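# Per-entry structural report
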Amino acid sequence: MMTQMKNQHPPDHPRSPSPRKIAALAGLAIAAIVLVGVLALLLFPDPCLNGFIKPRMMLALAGAFPAYTLSIGDMHYDLTENRLACDSVAVHAVDGSFSGSLGRFSVSGIDWIHLLRRGSALPEDFARSTLDAQEIMLTFPESQYTVLCQRLQISVPDSAIVVDTLALHPAGNDEQLFEGSRFRMTRFRLLVPHAGARGFACLELLNGKGYRTRSALIHELDLDVLMNKDKPTARDTSHIPMPQEILSSIQGTLRVDSLRIVNGRLNYGERFQVGSRPALITFDSIQFLATGITNRQDPGAAIAIRAQGQFMKAGIMTMSMTIPVASPGFSLQYSGRTTGYRACHSLHFISHVDRSFLPIFGSCRLNSRRKSPASEITGTSIFICIL
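Residues numbered from 1 in each chain as written. Predicted model: local features only at pLDDT ≥ 70, side-chain atom pairs only at ≥ 80, totals over all residues. Heavy atoms only, no water.

### A few points about the overall build of the protein
Quick note on the threshold: Only DSSP runs of H or I with at least four residues qualify as helices, and only runs of E with at least two residues qualify as strands; both kinds are numbered from the N terminus onward. Categorising residues by exposure relies on relative accessible area from a 1.4 Å probe, with only protein chains included: less than 20% of the type maximum marks a residue as buried, more than 50% marks it as exposed, and the intermediate range marks it as partly exposed. Residue contacts follow a heavy-atom distance rule, with two residues in contact if any of their heavy atoms lie within 4.5 Å. Accessibility throughout is a Shrake-Rupley quantity obtained with a 1.4 Å probe, and a residue counts as covered only by protein chains that appear here.
When helices and strands are tallied, the protein shows seven helices and 19 strands. Expressed as a percentage of the 387 residues in the protein, the buried residues total 29%. Sequence-distant contacts in the protein: of pairs separated by 6 or more residues, those separated by 24 or more amount to 56%. Surface summary for the protein: the accessible area is close to 24700 Å², and the carbon and sulfur share equals 61%.

As structure tokens, then:
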């Protein structure tokens, strides 16, 4: 008799996935999230920037700079050109001492991946970057001055800076500026249609090592200066900072191989009564070149200056000057020449100025031949002291 044997199987239990399968699934999930994020950034970069990144960035900036309030317009990102742009930027000091604004602002060429991974910026992250800022306005209520710039371009790879339509002027008119103080003031109005710098060491500046540029060129600089001498002076004139003292006070190394001004214009005026016509000295068609500008007091270091311009719309004045940088006191060597000029052209100014202006000419020697249209000015030192 045969006995039928029954196969007895243990009860079924779900098998747990292997660690390799779990890792594969997790990798697929992460890849899907990254892919969705990349697609969202590619298809909808602006909503991602303005909805998620910008609020967090503004919170971080507010925590890092509590003395200022910042507002940023809509942000845009072009992945193909690696360019981050912003419609507008505005910053204000909480104490009201400063305010600034930008129109459209863009920066490109930054290594965003390394910057975000590290969490902080290094100068090397900007080695291929370019910056373009438009409609810049800076306001300083305490000094009552405003700085305007139509466009500023900085290219780190090209080591170049370009400035278009730079202006500095009081926020109001001359009377409003002078009425703000019971002491003597000097009003400046500056206009630079175009300027640029080549060989500018951008990364050295970001590293805090100094300021170095090979050449700077300024086109048609227009400077108008007016002093109201109807009020007393408030500053101590016993020690006026000399050029080498100003240069040595600059932190870091300053080096400008050449600075050139083409077709400049300078007006200097002194007013002695409210509403009266100021006494003026004018220079037109100025051609100016300065070489060897530095704050390094190496032996033999000197700033060389050559200039030419039309003086008082009457004659051509040329001048050459050498200023030793390492000199303990202010000293210089200069020589100059005027052609087609008569002293009577300055009588209107000299008849109005007070004696504090005359020391400017005190150490000059004027050699003039009668019946000759040319005069020559030579000397070894000159001390300009406008009180």
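Resuming the write-up.
### Structural notes on the pattern of salt bridges
Threshold: For this document, the term salt bridge refers to a Lys or Arg side-chain nitrogen within 4 Å of an Asp or Glu carboxyl oxygen.
As enumerated under the stated definition, the model contains 14 salt bridges in all. The salt bridge involving Arg212 is made with Glu204; its shortest N-O contact spans 2.7 Å. Residues joined by salt bridges that share partners form a network here, namely Asp174, Arg187, Arg189 and Asp224.

### Some remarks on the packing of aromatic side chains
Condition: Here the aromatic set is Phe, Tyr and Trp, taking the six-membered ring for Trp, and pairing holds for ring centres within 6.5 Å; pairs whose planes are under 30 degrees apart are stacked, those over 60 apart are edge-to-face, and all others are tilted.
Within this structure, the stated rule accounts for two aromatic pairs. With a centroid separation of 5.5 Å and an interplanar angle of 45 degrees, the aromatic rings of Phe98 and Phe140 are classed as tilted. Of the two residues, Phe98 is situated in the loop between β4 (89-93) and β5 (99-102) and Phe140 in strand β7 (residues 130-140); the sequence distance between them amounts to 42 residues. According to the relative accessible area criterion, Phe98 is partly exposed, its value standing at 21%.

### Some details on unusual backbone geometry
Despite not being glycine, Thr165 has its phi angle at roughly 55 degrees, a positive value. Within the secondary structure, Thr165 is located in strand β9 (residues 160-170). Although it is not a glycine, Glu220 sits at a positive phi angle of roughly 55 degrees. Overall, the relative accessible area of 48% leaves Glu220 in the partly exposed class.

### Brief notes about the pairing of strand β2 (residues 75-78)
This is how it is decided: A strand pair is defined by DSSP finding two or more bridges across the two strands.
Only one face of β2 is covered, namely the face carrying Met75 and Tyr77; the face carrying His76 and Asp78 is uncovered. Note: β2 against strand β3 (residues 83-86), four bridges, orientation antiparallel. Bridge pairing in β3 links Tyr77 to Leu84. Here β2 hands over to β3 after four residues, with Asn82 in that stretch at a positive phi of 50 degrees.

### Overview of the nonpolar core
Quick reminder of the rule: For the purposes of this section, nonpolar cores are sets of buried Ala, Val, Leu, Ile, Met, Phe, Trp, Tyr and Cys residues that join through side-chain atoms within 4.5 Å.
Counting residues in each nonpolar core, the largest one holds 13 residues, and the members touching the most others are Ile293, Ile303, Ile305, Met321, Ile323 and Leu332. Counting only elements with at least two residues in this core, the list comes to β13 (253-271), β14 (279-294), β15 (302-311) and β16 (315-324).

### Brief notes about the environment of Ala121
Along the chain, Ala121 turns up in the loop between α3 (112-118) and β7. Separated by 10 residues in the primary sequence, Ala121 and Asp111 place their C-alpha atoms 9.7 Å from one another.

### Side note on the pairing of β14
Two elements, β13 and β14, share 12 bridges in a ladder whose sense is antiparallel. Bridged to Ser258 within β14 is Thr291. As paired elements, β14 and β15 share seven bridges and run antiparallel to each other. Residue Phe288 lies in a different strand from β15, and its bridge partner there is Ala307.

### Quick notes on a nonpolar patch on the surface
Just so we agree on the cut-off: Any residue with relative accessible area above 30% and no salt bridge may belong to a patch, with like charges joined within 9 Å and the nonpolar Val, Leu, Ile, Met, Phe, Trp and Tyr side chains within 5 Å.
Together, Phe52, Ile53, Met57, Leu61, Phe65, Tyr68 and Leu70 make up a nonpolar patch on the protein surface, roughly 630 Å² of accessible area in all. Elements that contribute at least two residues to the nonpolar patch include exactly α2 (45-64) and β1 (68-72). Of all the elements, α2 adds the most residues to the nonpolar patch, at four residues. Here Tyr68 lies in strand β1. On the accessibility criterion, Tyr68 (40% relative accessible area) is partly exposed.

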